[in-house]
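# Remarks on the overall topology
Single-letter residue listing:
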Amino acid sequence: MRSFIAWFLAINWLGLPRQIPRLWKQSLQFRAVSLSVVFAGLAIGAVGAYMSVAISNDLFQSRLEQVLSQSQRAQGAAQRIFDSGVASDRTAMQNLVDSSLVSIRDTSSSSLLAFYRVPGNDVSPIAPQNFASPELSGTIITPALRASVQGGQGSQFWQSVTLRESGASVPGVLVGSLVTLPSAGEYELYIAYSFAESAKTLDFVTQVLWVAGIGLIILIGAISWFVARIVVRPIQVAAATSKKLADGDLSARVPELGEDVLSELARNFNAMARSMQRQVTSLEELSSMQQRFVADVSHELKTPLTVVRLAGDLLYQKREQFEPTVRDTIAQLHGSLDRFSGVLGDLLEISRYDAKTVKLELEPTNLVHLASDVCAELEPIAAERGSVIEVVSPGGHCDAEVDAQRIRRIIVNLLGN
(Lines give C-alpha, C1' and ligand atoms only; values in the text may rest on other atoms or scores of the structure.)
Protein backbone atom coordinates (compact mmCIF):
# COMPACT_ATOMS: atom_id res chain seq x y z
CA MET A 1 0.00 0.00 0.00
CA ARG A 2 2.85 2.38 0.79
CA SER A 3 4.37 1.87 -2.65
CA PHE A 4 1.02 2.65 -4.28
CA ILE A 5 0.62 5.82 -2.20
CA ALA A 6 4.18 6.88 -3.03
CA TRP A 7 3.54 6.20 -6.72
CA PHE A 8 0.26 8.13 -6.55
CA LEU A 9 1.89 11.14 -4.87
CA ALA A 10 4.87 11.10 -7.23
CA ILE A 11 2.64 11.65 -10.27
CA ASN A 12 2.84 15.13 -11.77
CA TRP A 13 -0.91 15.63 -12.12
CA LEU A 14 -0.58 19.03 -13.82
CA GLY A 15 1.66 17.64 -16.54
CA LEU A 16 -0.16 14.30 -16.73
CA PRO A 17 -2.07 15.10 -19.98
CA ARG A 18 1.25 15.62 -21.77
CA GLN A 19 2.78 12.50 -20.20
CA ILE A 20 -0.09 10.12 -21.02
CA PRO A 21 1.01 9.34 -24.62
CA ARG A 22 4.59 8.62 -23.48
CA LEU A 23 3.41 6.51 -20.51
CA TRP A 24 1.00 4.62 -22.79
CA LYS A 25 3.85 3.72 -25.17
CA GLN A 26 6.50 2.93 -22.55
CA SER A 27 4.66 1.50 -19.52
CA LEU A 28 2.91 -1.85 -19.74
CA GLN A 29 1.72 -1.36 -16.15
CA PHE A 30 0.13 1.99 -17.02
CA ARG A 31 -1.71 0.45 -19.99
CA ALA A 32 -3.01 -2.43 -17.88
CA VAL A 33 -4.23 -0.13 -15.09
CA SER A 34 -5.74 2.38 -17.54
CA LEU A 35 -7.65 -0.28 -19.46
CA SER A 36 -8.89 -1.86 -16.23
CA VAL A 37 -10.10 1.49 -14.86
CA VAL A 38 -11.73 2.54 -18.15
CA PHE A 39 -13.62 -0.73 -18.68
CA ALA A 40 -14.54 -0.93 -15.00
CA GLY A 41 -15.79 2.66 -15.15
CA LEU A 42 -17.91 1.86 -18.20
CA ALA A 43 -19.35 -1.22 -16.53
CA ILE A 44 -20.03 0.61 -13.25
CA GLY A 45 -21.55 3.53 -15.15
CA ALA A 46 -23.86 1.23 -17.09
CA VAL A 47 -24.92 -0.65 -13.95
CA GLY A 48 -25.34 2.61 -12.03
CA ALA A 49 -27.46 4.13 -14.78
CA TYR A 50 -29.64 1.02 -14.90
CA MET A 51 -30.04 1.00 -11.12
CA SER A 52 -30.82 4.72 -11.05
CA VAL A 53 -33.51 4.36 -13.73
CA ALA A 54 -34.94 1.25 -12.09
CA ILE A 55 -35.06 2.87 -8.64
CA SER A 56 -36.54 6.06 -10.10
CA ASN A 57 -39.28 4.12 -11.89
CA ASP A 58 -40.00 2.02 -8.81
CA LEU A 59 -40.21 5.10 -6.54
CA PHE A 60 -42.47 6.89 -8.99
CA GLN A 61 -44.71 3.87 -9.51
CA SER A 62 -45.00 3.20 -5.78
CA ARG A 63 -45.81 6.84 -5.03
CA LEU A 64 -48.24 6.99 -7.95
CA GLU A 65 -50.15 3.94 -6.72
CA GLN A 66 -50.26 5.49 -3.28
CA VAL A 67 -51.65 8.86 -4.47
CA LEU A 68 -54.17 7.21 -6.79
CA SER A 69 -55.43 5.14 -3.85
CA GLN A 70 -55.62 8.25 -1.65
CA SER A 71 -57.35 10.22 -4.39
CA GLN A 72 -59.91 7.48 -4.91
CA ARG A 73 -60.68 7.34 -1.19
CA ALA A 74 -60.93 11.15 -1.05
CA GLN A 75 -63.23 11.27 -4.06
CA GLY A 76 -65.40 8.51 -2.59
CA ALA A 77 -65.60 10.26 0.78
CA ALA A 78 -66.59 13.55 -0.86
CA GLN A 79 -69.21 11.84 -3.00
CA ARG A 80 -70.73 10.18 0.05
CA ILE A 81 -71.00 13.57 1.77
CA PHE A 82 -72.69 15.01 -1.31
CA ASP A 83 -75.08 12.08 -1.60
CA SER A 84 -76.11 12.23 2.05
CA GLY A 85 -76.45 16.04 2.22
CA VAL A 86 -79.48 18.18 1.49
CA ALA A 87 -79.00 21.71 0.17
CA SER A 88 -81.97 23.99 -0.50
CA ASP A 89 -80.07 27.23 -0.96
CA ARG A 90 -76.60 28.50 -1.89
CA THR A 91 -75.44 28.77 1.72
CA ALA A 92 -76.36 25.19 2.50
CA MET A 93 -74.69 24.05 -0.70
CA GLN A 94 -71.51 25.95 0.16
CA ASN A 95 -71.45 24.40 3.64
CA LEU A 96 -71.83 20.99 2.04
CA VAL A 97 -68.92 21.69 -0.33
CA ASP A 98 -66.75 22.95 2.54
CA SER A 99 -67.44 19.78 4.52
CA SER A 100 -66.48 17.64 1.54
CA LEU A 101 -63.27 19.60 0.99
CA VAL A 102 -62.25 19.08 4.62
CA SER A 103 -62.88 15.37 4.17
CA ILE A 104 -60.82 15.37 0.96
CA ARG A 105 -57.86 17.09 2.67
CA ASP A 106 -57.99 14.65 5.57
CA THR A 107 -58.27 11.60 3.36
CA SER A 108 -55.73 12.60 0.67
CA SER A 109 -53.21 14.38 2.92
CA SER A 110 -53.08 17.19 0.33
CA SER A 111 -54.31 20.78 0.49
CA LEU A 112 -53.77 21.45 -3.23
CA LEU A 113 -57.33 21.24 -4.59
CA ALA A 114 -59.30 22.52 -7.56
CA PHE A 115 -63.09 22.39 -8.09
CA TYR A 116 -64.56 23.22 -11.51
CA ARG A 117 -68.11 23.01 -12.88
CA VAL A 118 -68.38 20.77 -15.94
CA PRO A 119 -69.18 22.98 -18.96
CA GLY A 120 -72.50 22.44 -20.73
CA ASN A 121 -74.59 21.55 -17.66
CA ASP A 122 -77.56 23.66 -16.71
CA VAL A 123 -76.42 26.12 -14.12
CA SER A 124 -78.35 25.75 -10.88
CA PRO A 125 -78.98 28.88 -8.79
CA ILE A 126 -77.44 27.15 -5.78
CA ALA A 127 -74.40 25.72 -7.66
CA PRO A 128 -71.10 26.69 -5.98
CA GLN A 129 -68.49 28.76 -7.82
CA ASN A 130 -65.29 27.33 -9.31
CA PHE A 131 -62.23 27.60 -7.10
CA ALA A 132 -58.61 26.37 -7.01
CA SER A 133 -55.66 26.53 -4.67
CA PRO A 134 -53.14 29.24 -5.68
CA GLU A 135 -50.58 26.54 -6.53
CA LEU A 136 -52.99 25.07 -9.13
CA SER A 137 -53.86 28.30 -10.88
CA GLY A 138 -52.67 29.09 -14.35
CA THR A 139 -51.85 26.37 -16.88
CA ILE A 140 -50.99 23.53 -14.49
CA ILE A 141 -54.34 21.85 -15.20
CA THR A 142 -54.10 21.31 -18.95
CA PRO A 143 -57.06 21.28 -21.33
CA ALA A 144 -56.19 17.69 -22.29
CA LEU A 145 -56.52 16.52 -18.66
CA ARG A 146 -59.81 18.42 -18.22
CA ALA A 147 -61.20 16.87 -21.41
CA SER A 148 -60.26 13.37 -20.16
CA VAL A 149 -61.85 13.97 -16.75
CA GLN A 150 -65.04 15.44 -18.24
CA GLY A 151 -65.56 12.41 -20.42
CA GLY A 152 -64.64 9.74 -17.85
CA GLN A 153 -67.37 9.32 -15.29
CA GLY A 154 -66.20 7.06 -12.48
CA SER A 155 -62.54 7.05 -13.61
CA GLN A 156 -59.36 8.74 -12.43
CA PHE A 157 -56.93 10.54 -14.71
CA TRP A 158 -53.50 11.88 -13.81
CA GLN A 159 -50.59 13.79 -15.23
CA SER A 160 -47.10 14.75 -14.04
CA VAL A 161 -46.76 18.41 -13.09
CA THR A 162 -44.27 20.79 -11.50
CA LEU A 163 -45.48 22.31 -8.24
CA ARG A 164 -44.24 25.22 -6.17
CA GLU A 165 -43.36 24.29 -2.61
CA SER A 166 -41.66 26.77 -0.26
CA GLY A 167 -40.59 28.84 -3.24
CA ALA A 168 -38.94 25.90 -4.99
CA SER A 169 -40.10 23.77 -7.92
CA VAL A 170 -40.82 20.15 -7.03
CA PRO A 171 -42.22 17.28 -9.09
CA GLY A 172 -45.78 16.15 -8.48
CA VAL A 173 -48.83 14.41 -9.87
CA LEU A 174 -52.27 15.92 -10.49
CA VAL A 175 -55.23 13.49 -10.23
CA GLY A 176 -58.66 14.40 -11.61
CA SER A 177 -62.10 12.78 -11.29
CA LEU A 178 -65.81 13.70 -11.41
CA VAL A 179 -68.13 14.21 -8.43
CA THR A 180 -71.89 14.87 -8.55
CA LEU A 181 -73.43 17.57 -6.40
CA PRO A 182 -77.14 17.34 -5.53
CA SER A 183 -79.19 19.84 -7.48
CA ALA A 184 -75.94 21.30 -8.97
CA GLY A 185 -74.73 18.69 -11.45
CA GLU A 186 -71.24 17.33 -12.11
CA TYR A 187 -68.00 19.02 -10.98
CA GLU A 188 -64.35 18.28 -11.76
CA LEU A 189 -62.29 17.50 -8.68
CA TYR A 190 -58.48 17.83 -8.92
CA ILE A 191 -56.05 16.88 -6.16
CA ALA A 192 -52.29 17.58 -6.48
CA TYR A 193 -49.70 15.46 -4.70
CA SER A 194 -46.09 16.46 -4.12
CA PHE A 195 -43.33 14.02 -5.02
CA ALA A 196 -40.67 16.05 -3.18
CA GLU A 197 -39.87 13.26 -0.70
CA SER A 198 -39.50 10.74 -3.51
CA ALA A 199 -37.25 13.19 -5.37
CA LYS A 200 -35.10 13.63 -2.25
CA THR A 201 -34.90 9.86 -1.87
CA LEU A 202 -33.90 9.51 -5.52
CA ASP A 203 -31.27 12.27 -5.17
CA PHE A 204 -29.83 10.54 -2.11
CA VAL A 205 -29.73 7.17 -3.89
CA THR A 206 -28.07 8.81 -6.92
CA GLN A 207 -25.43 10.44 -4.72
CA VAL A 208 -24.77 7.14 -2.99
CA LEU A 209 -24.42 5.42 -6.37
CA TRP A 210 -22.00 8.12 -7.56
CA VAL A 211 -19.88 7.94 -4.42
CA ALA A 212 -19.92 4.15 -4.45
CA GLY A 213 -19.08 4.07 -8.16
CA ILE A 214 -16.15 6.48 -7.82
CA GLY A 215 -14.89 4.63 -4.74
CA LEU A 216 -15.21 1.32 -6.58
CA ILE A 217 -13.31 2.68 -9.59
CA ILE A 218 -10.51 3.91 -7.31
CA LEU A 219 -10.45 0.53 -5.56
CA ILE A 220 -10.35 -1.30 -8.89
CA GLY A 221 -7.53 1.00 -10.03
CA ALA A 222 -5.54 0.23 -6.87
CA ILE A 223 -6.16 -3.52 -7.21
CA SER A 224 -5.24 -3.38 -10.91
CA TRP A 225 -2.05 -1.52 -10.03
CA PHE A 226 -1.04 -4.18 -7.50
CA VAL A 227 -1.92 -7.04 -9.86
CA ALA A 228 -0.15 -5.37 -12.79
CA ARG A 229 2.88 -4.73 -10.61
CA ILE A 230 3.00 -8.41 -9.60
CA VAL A 231 2.72 -9.50 -13.24
CA VAL A 232 4.83 -6.78 -14.86
CA ARG A 233 7.68 -6.79 -12.32
CA PRO A 234 9.17 -10.11 -13.54
CA ILE A 235 8.88 -8.87 -17.12
CA GLN A 236 10.74 -5.69 -16.19
CA VAL A 237 13.45 -7.76 -14.50
CA ALA A 238 13.70 -9.96 -17.62
CA ALA A 239 13.97 -6.85 -19.82
CA ALA A 240 16.74 -5.40 -17.62
CA THR A 241 18.54 -8.74 -17.63
CA SER A 242 18.31 -9.00 -21.42
CA LYS A 243 19.79 -5.49 -21.70
CA LYS A 244 22.72 -6.57 -19.52
CA LEU A 245 23.22 -9.59 -21.77
CA ALA A 246 23.12 -7.34 -24.83
CA ASP A 247 25.73 -5.08 -23.20
CA GLY A 248 28.05 -8.05 -22.75
CA ASP A 249 27.33 -9.17 -19.16
CA LEU A 250 26.82 -12.87 -19.89
CA SER A 251 26.55 -13.71 -16.18
CA ALA A 252 23.23 -11.83 -15.77
CA ARG A 253 20.31 -14.08 -14.77
CA VAL A 254 16.60 -13.71 -13.96
CA PRO A 255 15.54 -14.81 -10.43
CA GLU A 256 13.62 -18.09 -10.51
CA LEU A 257 10.82 -18.02 -7.93
CA GLY A 258 7.72 -20.22 -7.78
CA GLU A 259 6.24 -22.64 -10.24
CA ASP A 260 3.97 -20.39 -12.33
CA VAL A 261 4.25 -19.36 -15.98
CA LEU A 262 6.52 -16.41 -15.21
CA SER A 263 8.87 -18.69 -13.27
CA GLU A 264 8.90 -21.08 -16.23
CA LEU A 265 9.74 -18.10 -18.45
CA ALA A 266 12.59 -17.16 -16.08
CA ARG A 267 13.99 -20.71 -16.16
CA ASN A 268 13.83 -20.88 -19.95
CA PHE A 269 15.41 -17.42 -20.20
CA ASN A 270 18.25 -18.44 -17.90
CA ALA A 271 18.76 -21.67 -19.84
CA MET A 272 18.99 -19.63 -23.05
CA ALA A 273 21.47 -17.24 -21.37
CA ARG A 274 23.65 -20.14 -20.18
CA SER A 275 23.62 -21.71 -23.63
CA MET A 276 24.51 -18.38 -25.22
CA GLN A 277 27.29 -17.87 -22.67
CA ARG A 278 28.75 -21.29 -23.51
CA GLN A 279 28.57 -20.57 -27.22
CA VAL A 280 30.13 -17.13 -26.85
CA THR A 281 32.88 -18.52 -24.59
CA SER A 282 33.56 -21.28 -27.09
CA LEU A 283 33.70 -18.79 -29.95
CA GLU A 284 36.02 -16.52 -27.96
CA GLU A 285 38.33 -19.43 -27.26
CA LEU A 286 38.24 -20.45 -30.91
CA SER A 287 38.89 -16.88 -31.99
CA SER A 288 41.76 -16.63 -29.54
CA MET A 289 43.26 -19.85 -30.90
CA GLN A 290 42.84 -18.57 -34.44
CA GLN A 291 44.54 -15.30 -33.56
CA ARG A 292 47.45 -17.10 -31.94
CA PHE A 293 47.70 -19.46 -34.90
CA VAL A 294 47.75 -16.61 -37.42
CA ALA A 295 50.26 -14.65 -35.36
CA ASP A 296 52.50 -17.70 -34.82
CA VAL A 297 52.36 -18.76 -38.47
CA SER A 298 53.07 -15.22 -39.61
CA HIS A 299 56.04 -14.84 -37.34
CA GLU A 300 57.36 -18.32 -38.14
CA LEU A 301 57.15 -17.68 -41.86
CA LYS A 302 58.68 -14.25 -41.68
CA THR A 303 62.26 -15.41 -41.01
CA PRO A 304 62.52 -18.08 -43.76
CA LEU A 305 60.70 -15.77 -46.15
CA THR A 306 63.34 -13.10 -45.51
CA VAL A 307 66.12 -15.57 -46.30
CA VAL A 308 64.38 -16.79 -49.45
CA ARG A 309 63.64 -13.22 -50.46
CA LEU A 310 67.30 -12.24 -50.14
CA ALA A 311 68.32 -15.22 -52.24
CA GLY A 312 65.60 -14.48 -54.79
CA ASP A 313 66.61 -10.80 -55.04
CA LEU A 314 70.22 -11.85 -55.58
CA LEU A 315 69.24 -14.25 -58.36
CA TYR A 316 66.93 -11.64 -59.88
CA GLN A 317 69.75 -9.08 -59.98
CA LYS A 318 72.03 -11.57 -61.81
CA ARG A 319 69.33 -13.11 -64.02
CA GLU A 320 71.05 -11.90 -67.23
CA GLN A 321 73.88 -14.33 -66.52
CA PHE A 322 71.59 -17.33 -66.86
CA GLU A 323 69.94 -19.03 -69.76
CA PRO A 324 66.55 -17.71 -70.99
CA THR A 325 64.63 -20.57 -69.40
CA VAL A 326 66.30 -19.99 -66.05
CA ARG A 327 65.75 -16.23 -66.34
CA ASP A 328 62.00 -16.78 -66.79
CA THR A 329 61.96 -19.05 -63.76
CA ILE A 330 63.83 -16.48 -61.68
CA ALA A 331 61.34 -13.76 -62.77
CA GLN A 332 58.38 -15.96 -61.80
CA LEU A 333 60.08 -16.73 -58.46
CA HIS A 334 60.58 -13.02 -57.82
CA GLY A 335 56.91 -12.27 -58.56
CA SER A 336 55.71 -15.13 -56.38
CA LEU A 337 57.92 -13.94 -53.53
CA ASP A 338 56.39 -10.47 -53.84
CA ARG A 339 52.88 -11.91 -53.68
CA PHE A 340 53.78 -14.20 -50.81
CA SER A 341 55.32 -11.27 -48.95
CA GLY A 342 52.06 -9.32 -49.45
CA VAL A 343 49.99 -12.23 -48.17
CA LEU A 344 52.23 -12.57 -45.12
CA GLY A 345 51.92 -8.83 -44.49
CA ASP A 346 48.13 -9.16 -44.67
CA LEU A 347 48.23 -12.03 -42.16
CA LEU A 348 50.32 -9.94 -39.78
CA GLU A 349 47.90 -7.05 -40.27
CA ILE A 350 44.94 -9.33 -39.48
CA SER A 351 46.64 -10.60 -36.34
CA ARG A 352 47.23 -7.04 -35.19
CA TYR A 353 43.58 -6.19 -35.84
CA ASP A 354 42.46 -9.23 -33.83
CA ALA A 355 44.81 -8.31 -31.00
CA LYS A 356 43.62 -4.67 -31.22
CA THR A 357 47.20 -3.43 -31.46
CA VAL A 358 46.92 -1.71 -34.83
CA LYS A 359 48.62 1.65 -34.99
CA LEU A 360 48.26 4.03 -37.87
CA GLU A 361 51.47 5.08 -39.60
CA LEU A 362 50.53 8.59 -40.60
CA GLU A 363 52.54 10.48 -43.19
CA PRO A 364 51.86 13.37 -45.57
CA THR A 365 50.32 11.81 -48.70
CA ASN A 366 48.85 13.26 -51.86
CA LEU A 367 45.65 11.26 -52.32
CA VAL A 368 45.36 12.13 -56.00
CA HIS A 369 48.84 10.78 -56.74
CA LEU A 370 48.08 7.72 -54.62
CA ALA A 371 44.86 7.02 -56.55
CA SER A 372 46.64 7.61 -59.88
CA ASP A 373 49.36 5.09 -58.95
CA VAL A 374 46.80 2.46 -58.03
CA CYS A 375 44.87 3.07 -61.26
CA ALA A 376 48.08 2.70 -63.25
CA GLU A 377 48.81 -0.63 -61.56
CA LEU A 378 45.30 -1.95 -62.26
CA GLU A 379 45.02 -0.56 -65.77
CA PRO A 380 46.20 -3.79 -67.48
CA ILE A 381 43.56 -5.81 -65.60
CA ALA A 382 40.89 -3.24 -66.53
CA ALA A 383 41.97 -3.31 -70.17
CA GLU A 384 41.59 -7.10 -70.30
CA ARG A 385 37.96 -6.66 -69.23
CA GLY A 386 37.23 -3.73 -71.53
CA SER A 387 37.08 -1.11 -68.76
CA VAL A 388 38.63 2.33 -68.71
CA ILE A 389 39.92 3.89 -65.47
CA GLU A 390 40.24 7.66 -65.22
CA VAL A 391 41.18 9.90 -62.29
CA VAL A 392 39.34 13.23 -62.29
CA SER A 393 40.70 15.63 -59.69
CA PRO A 394 39.71 19.27 -60.29
CA GLY A 395 41.21 21.88 -57.98
CA GLY A 396 44.46 22.12 -56.12
CA HIS A 397 46.23 19.07 -54.72
CA CYS A 398 47.36 19.00 -51.10
CA ASP A 399 48.88 16.43 -48.77
CA ALA A 400 46.86 14.74 -46.00
CA GLU A 401 48.06 12.96 -42.88
CA VAL A 402 46.95 9.37 -43.61
CA ASP A 403 48.25 5.80 -43.46
CA ALA A 404 49.28 5.51 -47.10
CA GLN A 405 49.60 1.72 -47.16
CA ARG A 406 46.15 1.11 -45.75
CA ILE A 407 44.56 3.72 -48.01
CA ARG A 408 46.29 2.09 -50.98
CA ARG A 409 44.96 -1.31 -49.92
CA ILE A 410 41.42 0.10 -49.67
CA ILE A 411 41.59 1.65 -53.13
CA VAL A 412 43.03 -1.56 -54.62
CA ASN A 413 40.21 -3.60 -53.08
CA LEU A 414 37.54 -1.22 -54.36
CA LEU A 415 38.89 -0.98 -57.91
CA GLY A 416 39.83 -4.66 -58.09
CA ASN A 417 36.34 -5.72 -57.03
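Preceding this paragraph is the structure being described.
Just so we're clear, the structure is a prediction, and the values are computed from it rather than from any experiment.

## Examining the overall build of the chain
- Looking only at helices and strands, the chain has 10 helices and seven strands in total.
- Within the chain, buried positions represent 28% of all 417 residues.
- Relative to all contacts within the chain whose residues are 6 or more apart in sequence, the contacts with residues 24 or more apart total 64%.
- Entry remark: accessible area of the chain is about 26800 Å², with carbon and sulfur atoms responsible for 60%.

## Regarding the pattern of salt bridges
- Here the structure, examined in full by the defined rule, presents four salt bridges.
- Between Arg146 and Glu188 there is a salt bridge; the shortest N-O distance is 2.9 Å. In this pair, Arg146 sits in helix H5 (residues 143-150) while Glu188 sits in strand E5 (residues 185-194), placing the two residues 42 residues apart along the sequence.
- Given a relative accessible area of 0%, Glu188 falls into the buried group.
- Here Asp247 and Lys243 are joined by a salt bridge, their closest N and O atoms 3.2 Å apart. Like Asp247, the residue Lys243 is exposed in the burial classification.

## What to know about the sheet that holds strand E1 (residues 112-117)
- Spatially, five strands are ordered E2-E1-E5-E4-E3 in an open sheet, and the strand pairing comes out antiparallel. Of all the strands in the sheet, the pair left with one neighbour each is strand E2 (131-132) and strand E3 (157-165).
- With 10 bridges joining them, strand E4 (residues 168-181) and E5 adopt antiparallel strand pairing. Residue pairing across strands places Val179 opposite Tyr187, the latter belonging to E5.
- Helix H3 (residues 28-84) contacts E1, E3, E4 and E5 of the sheet and is inclined by roughly 35° relative to E4.

## Quick word on a negative patch on the surface
- Together, Glu361, Glu363, Asp399 and Glu401 make up a negatively charged patch on the protein surface.
- Exposure remark for Asp399: the relative accessible area of 51% places this residue in the exposed category.

## Description of the nonpolar core
- By size, the foremost hydrophobic cluster in this structure holds 25 residues, and its most contacted members are Phe82, Met93, Ile104, Phe115 and Leu181.
- Mapped by element, the contributors of at least two residues to this core are H3, helix H4 (90-108), E1, E4 and E5.
- Residues contacting Met93, with those up to four places away along its chain left out, are Ala87, Ile126, Pro128, Leu181, Pro182 and Ala184.

## Focus: the packing of aromatic side chains
- According to the stated counting rule, one finds seven aromatic pairs in the structure shown.
- On the numbers, 5.2 Å between centres and 80° between planes, the contact of Trp225 with Phe226 is edge-to-face.
- A residue is classified by how much of its surface remains accessible, and Phe226, at 28% relative accessible area, is partly exposed.
- Pairwise contacts between aromatic rings join Phe82, Phe115, Phe131 and Tyr187 into one cluster.
- Its end group placed over the ring of Tyr116, Arg146 keeps NZ or CZ at 4.7 Å from the ring centre.

## Brief notes about H4
- Between its terminal C-alpha atoms H4 stretches 26 Å, which fits the 27 Å expected from 19 residues at 1.5 Å a residue.
- Contacts made by the buried residues of H4 are with H3, E1, E2, E4 and E5.
- Just downstream of H4 lies Ser109, where phi reads positive at about 55°.

## Some details on the environment of Leu163
- With respect to the secondary-structure elements, Leu163 resides in strand E3.
- The class of Leu163 is buried, set by a relative accessible area of 1%.
- It is 8.4 Å that separates the C-alpha atoms of Leu163 and Ile140, two residues lying 23 residues apart in sequence.
- Beyond its immediate chain neighbours, meaning those up to four positions away, Leu163 contacts Leu112, Leu136, Ala168, Ser169, Val170, Gly172, Ala192, Tyr193 and Ser194.

## Some points on unusual backbone geometry
- Even without a glycine there, the phi angle at Ser109 is positive, about 55°.
- The topology assignment puts Ser109 in the loop between H4 and E1.
- We classify Ser109 as exposed; its relative accessible area is 63%.

## Here's the deal with the packing of H3 against H4
- As a packed pair, H3 and H4 sit with axes 8 Å apart at the nearest point and diverge in direction by 155°. The angle between H3 and H4 places the two elements in the roughly antiparallel class. Here H3 and H4 pass one another in a crossing that is right-handed. Residues Gln70, Arg73, Ala74, Ala77, Ala78, Ile81 and Phe82 of H3 touch H4, and the partners they reach there are Leu96, Val97, Ser99, Ser100, Ser103, Ile104, Thr107 and Ser108.

Conventions we followed
Residues numbered from 1 in each chain as written. Predicted model: local features only at pLDDT ≥ 70, side-chain atom pairs only at ≥ 80, totals over all residues. Heavy atoms only, no water. Helix = DSSP H or I, 4+ residues; strand = E, 2+ residues; numbered from the N terminus. Buried < 20%, exposed > 50% of the residue type's maximum accessible area, 1.4 Å probe, protein only. Contact = heavy atoms within 4.5 Å. Areas by Shrake-Rupley, 256 points an atom, 1.4 Å probe, with all protein chains shown as cover. Salt bridge = Lys/Arg side-chain N within 4 Å of Asp/Glu carboxyl O. Pairing = 2+ DSSP bridges. Axes fitted to C-alpha atoms, helices over the stretch in contact; angles between N-to-C directions. Patch = residues over 30% accessible without salt bridge, like charges linked within 9 Å, V, L, I, M, F, W, Y side chains within 5 Å. Lys, Arg positive; Asp, Glu negative; His and termini not counted. Charge placed at Lys NZ, Arg CZ, Asp CG, Glu CD. Core = buried A, V, L, I, M, F, W, Y, C linked by side-chain atoms within 4.5 Å. Phe/Tyr/Trp six-rings, centres within 6.5 Å; stacked < 30°, edge-to-face > 60°. Lys NZ or Arg CZ within 6 Å of the ring centre and 35° of its normal. Expected span 1.5 Å × (residues − 1). Parallel < 35°, antiparallel > 145°, perpendicular 65-115°, else oblique. Left-handed = near helix turned anticlockwise from the far one by under 90°.

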